[in-house]
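Spelled out, the chains give:
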Amino acid sequence: MGQGCYDSTVLSAWYKDMLRIRYFEKKIDFLFTRNLIHGTAHLCIGQEAVAVGVCSVLKKEDLVVSNHRGHGHGIAKGLEVKKLMAELMGKKTGYCSGKGGTQHFSCIEKGFLGANGITGGGIPIATGAALAIKMKKRKEVVVSFFGDGAASQGVFHESLNMASLWKVPVIYVCENNLYAMSTPIGETICAKNIADRAGGYCIPSKIVDGNNIFNVIEAAKEAIDYVREGNGPFFIECKTYRWMGHSKSDMRLYRTREEERLWKEKCPINMLRNHMLIKRMYKETELDKIDKEIRNEIEMAYTFSKDSKELQPKELYKSLFA
Amino acid sequence: MREISYSEAIREALKEEMLKDESVFLLGEDIGFYGGAFGVTRGLIDEFGPERVKNTPISENSFVGVAVGAAMVGMRPIVEIMFMDFITLAMDQIVNHAAKLHYLYDGQVRIPLVVRTPAGAGRGYGASHSQSLEAWFMHVPGLKIVSPSTPYDAKGLLKTAIRDNNPVIFIENKLLYAAKGDVPKKEYTIPLGKADIKKRGKDLTIIAYSRMVHLALEAAEELKGGGVEAEVIDLRSLVPIDMDTVINSVKKTGRVIVVEEDNLTGGVGAEISSLVNEHVFKKLKAPVRRVASADVPIPCAPALEQAILPSKDKLIKIAKEIMMFKR
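Please read all numbers here as calculations on a predicted model, not as lab measurements.

## A look at the overall build of chain A
- A count of helices and strands for chain A gives 11 helices and seven strands.
- For a compact globule of 322 residues, the expected C-alpha radius of gyration is about 20 Å, and chain A comes in at 19 Å, within 12% of that figure.
- Overall, chain A is about 55 × 50 × 40 Å in size when its C-alpha atoms are taken along their principal axes.
- Taken across its 322 residues, chain A has 54% of its residues classed as buried.
- Residue pairs in contact within chain A that sit at least 24 positions apart in sequence constitute 75% of those at least 6 positions apart.

## Describing the sheet that holds strand 6 (residues 205-209) of chain A
Residues and elements named next belong to chain A.
- An order of 1-2-3-7-6 is seen for the five strands of this open sheet, with the pairing classed as parallel. Lying at the two open borders of the sheet, with one neighbouring strand each, are strand 1 (63-65) and strand 6. On average, each strand axis in the sheet is tilted by 20 degrees relative to the strand beside it, whichever way the strands run.
- Bridge count for strand 6 against strand 7 (residues 234-239) is five bridges, and the pairing is parallel. Its bridge partner being in strand 7, isoleucine 207 is matched across the sheet by glutamate 237.
- Each of strand 1, strand 2 (142-147), strand 3 (170-176) and strand 7 is contacted by helix 2 (residues 48-56), which is oriented at about 165 degrees to strand 3, the strand it contacts most.

## Focus on the interface of chain B and chain A
- Residue-level contacts link 35 residues of chain B with 31 residues of chain A.
- Of all the secondary-structure elements, those providing two or more residues to the side of chain B that touches chain A are helix 3 (60-72), helix 4 (91-98) and helix 5 (101-104) of chain B.
- For the side of chain B that touches chain A, the element with the highest residue contribution is helix 3 of chain B, accounting for nine residues.
- The residue inventory of the side of chain B that touches chain A, partitioned by class, reads 15 nonpolar, 16 polar and four charged.

## Examining the domain arrangement of chain B
Residues and elements named next belong to chain B.
- Along its sequence, chain B is organised into domain 1 (3-182) and domain 2 (196-324).
- Computed from C-alpha atoms alone, the centre-to-centre distance between domain 1 and domain 2 is 26 Å.
- Contacts between the two partners involve 26 residues from domain 1 and, on the opposite side, 24 residues from domain 2.
- When the residues that make up the side of domain 1 that touches domain 2 are grouped by side-chain class, the tally is 13 nonpolar, 10 polar and three charged.

## Details of the nonpolar core
- In this structure, Ala129 and Ile171 of chain A together with Ile206 and Ala216 of chain B are the most contacted members of the largest nonpolar core, which totals 193 residues.
- Taken together, domain 1 (3-182) and domain 2 (196-324) of chain B each give at least three residues to this core, which thus spans both.
- Setting aside residues no more than four positions away along its own chain, isoleucine 206 of chain B makes contact with Ala216, Ala219, Ala220, Ala230, Glu231, Val232, Ile257 and Val259 of chain B.

## Concerning the environment of glycine 267 of chain B
Residues and elements named next belong to chain B.
- Tracing the sequence through the fold places glycine 267 in the loop between strand 13 (256-263) and helix 10 (268-280).
- Glycine 267 sits in the buried class, given 23 other C-beta atoms within 10 Å.
- Leave out the neighbours within four places in its chain, and glycine 267 touches Ala135, Glu260, Asp262 and Ala292.

## Comments concerning the sheet that holds strand 12 (residues 237-239) of chain B
Residue and element names in this part refer to chain B.
- Here seven strands make up an open sheet; going across it, the order is 3-2-4-5-7-6-12 and the pairing mixed. The sheet is open, and its two borders are formed by strand 3 (53-55) and strand 12, each paired with just one other strand. Between one strand and the next, the sheet's axes are offset by a mean angle of 20 degrees, whatever the strand orientation.
- Lying on the sheet, helix 7 (residues 151-163) is in contact with strand 2 (24-28), strand 4 (76-80), strand 5 (114-119), strand 6 (144-146) and strand 7 (168-173); it crosses strand 7 at an angle near 160 degrees.

## Regarding the packing of helix 6 (residues 154-166) of chain A against helix 3 of chain B
- Two elements in contact, helix 6 of chain A and helix 3 of chain B, have axes whose closest approach is 8 Å; the angle formed by their N-to-C orientations is 65 degrees. The two elements helix 6 of chain A and helix 3 of chain B meet at a crossing, and its hand is right-handed. Counting all contacts with helix 6 of chain A, which are made through Gly154, Val155, Glu158, Ser159 and Met162 of chain A, the residues of helix 3 of chain B involved are Asn61, Ser62, Gly65 and Val66 of chain B.
- Residues belonging to the contact of helix 6 of chain A with helix 3 of chain B are distributed by class as follows: three nonpolar, five polar and one charged.

Criteria and thresholds
Residues numbered from 1 in each chain as written. Chains lettered and ligands numbered in written order. Predicted model: local features only at pLDDT ≥ 70, side-chain atom pairs only at ≥ 80, totals over all residues. Helix = DSSP H or I, 4+ residues; strand = E, 2+ residues; numbered from the N terminus. Rg over C-alpha atoms; globule rule 2.2 N^0.38 Å. Buried ≥ 20, exposed ≤ 12 C-beta atoms within 10 Å, placed from the backbone. Contact = placed C-beta atoms within 7 Å. Pairing = 2+ DSSP bridges. Axes fitted to C-alpha atoms, helices over the stretch in contact; angles between N-to-C directions. Nonpolar A, V, L, I, M, F, W, Y, C, P; charged D, E, K, R; others polar. Domains from an automatic or database assignment. Core = buried A, V, L, I, M, F, W, Y, C linked by C-beta atoms within 7 Å. Left-handed = near helix turned anticlockwise from the far one by under 90°.

Rendered as structure tokens:
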């Protein structure tokens, strides 16, 4: 575990956020197995330290553009789990009244510019949001989250090029979870590291253990300081692993259970928990209490969502045009 | 009244809106010093500087995406796509993002984006620099589509498009850029979704937009010699479409031709023909007819290029067939 002089309340806040993501995703997975939720979802279990680490160093007014695996990014940016779950369940009380769903939810008020169902689709949007901030001479930064698969899209390369040319305040955070759906990274990326590609666009980068929240935070801090000073974009590659399949129908036949077991030993939440215990910041019982509180919060979010109403078909044409 | 060209009218609209609103800025390939492939933005960089008249790399999908992101944060970007054919490279950002985000986010964001692009054949540029692809965009809920035929309309409609809070595909025409027309110096705008009857008539309705309006007017003039009074409706915007004006005209004439430069199958004319049938079938004295480009890639050779395009003669031939039609 990396070093850092953080006090116990800060650490417990990260711990709570990571748990909130973990239990939210587990609940969504459970609801699918029981056919209580419609559609699909891409869960980020195992990758919680990236979302929480990066967002914990952002200011409230900073912006985040996410991807298809975006629940964690949203929760880490401060979205309420009940409104997010309601959105996934297609309810009127969701962030977008159920029109967006898992891959197209947003909360502009909290600086979350949206999940995105097109691989790489959010990268130019984040770049453009950063351009607007620069043109308006404002101080916010924009974070663009995407996976290793998106690094093969044309918009990835085109956007990095423009961001570097125009020195816009964007931080590209690549969550390299080793698989673009089922295809292992060795079959899709010719470079050793995805961050190597940033160099081709004259963008400084850091490669970190994405399961170690201290490492993620260190890199994010460096990136944010650099970007906020007006130096242009920064790139962070977080090496991590998604425990679940790509989406709900994925049986994970393209990889071994042994590989999964090894990565689960590197659970980002357990790592932080153990750190807090070793440093004697909290007792087991105290952390168990937090755990229980968060589980309860997620159950309440589910009850809220289940009891919420759906948008009526007569409201179908609302917000087609502004 | 003074006369200026279609491209000058567009440039004036850009300039006036940029002076009026600091959040309006331009993005596109070679639009700075060079002034764009057709010179439409020439000189604007001197007045507004490279930050607001921003040359981009050749990355259509991403710079449209950049415009979408900037629009989400309160800017009003105007993107130039050098040839409409190149808009194919930006389909993802236009179709999956610009058109949908306001709806998907249930009104939390607005995307006040204008994508300007020249369409049309007739200059021998070949199949990748001559297409008219407006029908594709009509098929996408959430987009507005404007396609002016005169300098006056181009200026007034573009100003409205820039002030609109939705993504607008603003389709210009290469052969019209040099065409001159009356444009008042005084400020004016033209609402989207309001067709203009360019010529009145009682026997036949010719529905057109962009360059085809001029073809329709020439044909109408010649038909007049044969005693046929054609009404020429310039749609000006395809979304929203002014069906009231169309329906009122058809109620009077009972005969309809749609003339369009895009190719026939799945085209704008097919949609309008259906709308006419659905709304005023009983008033029709003859089937709705379409004059459109042939369903082939646009060849370079001048004779072949002309052969695939709608022409005054083709229009007159169809008009005569309709006038002779007996149930």
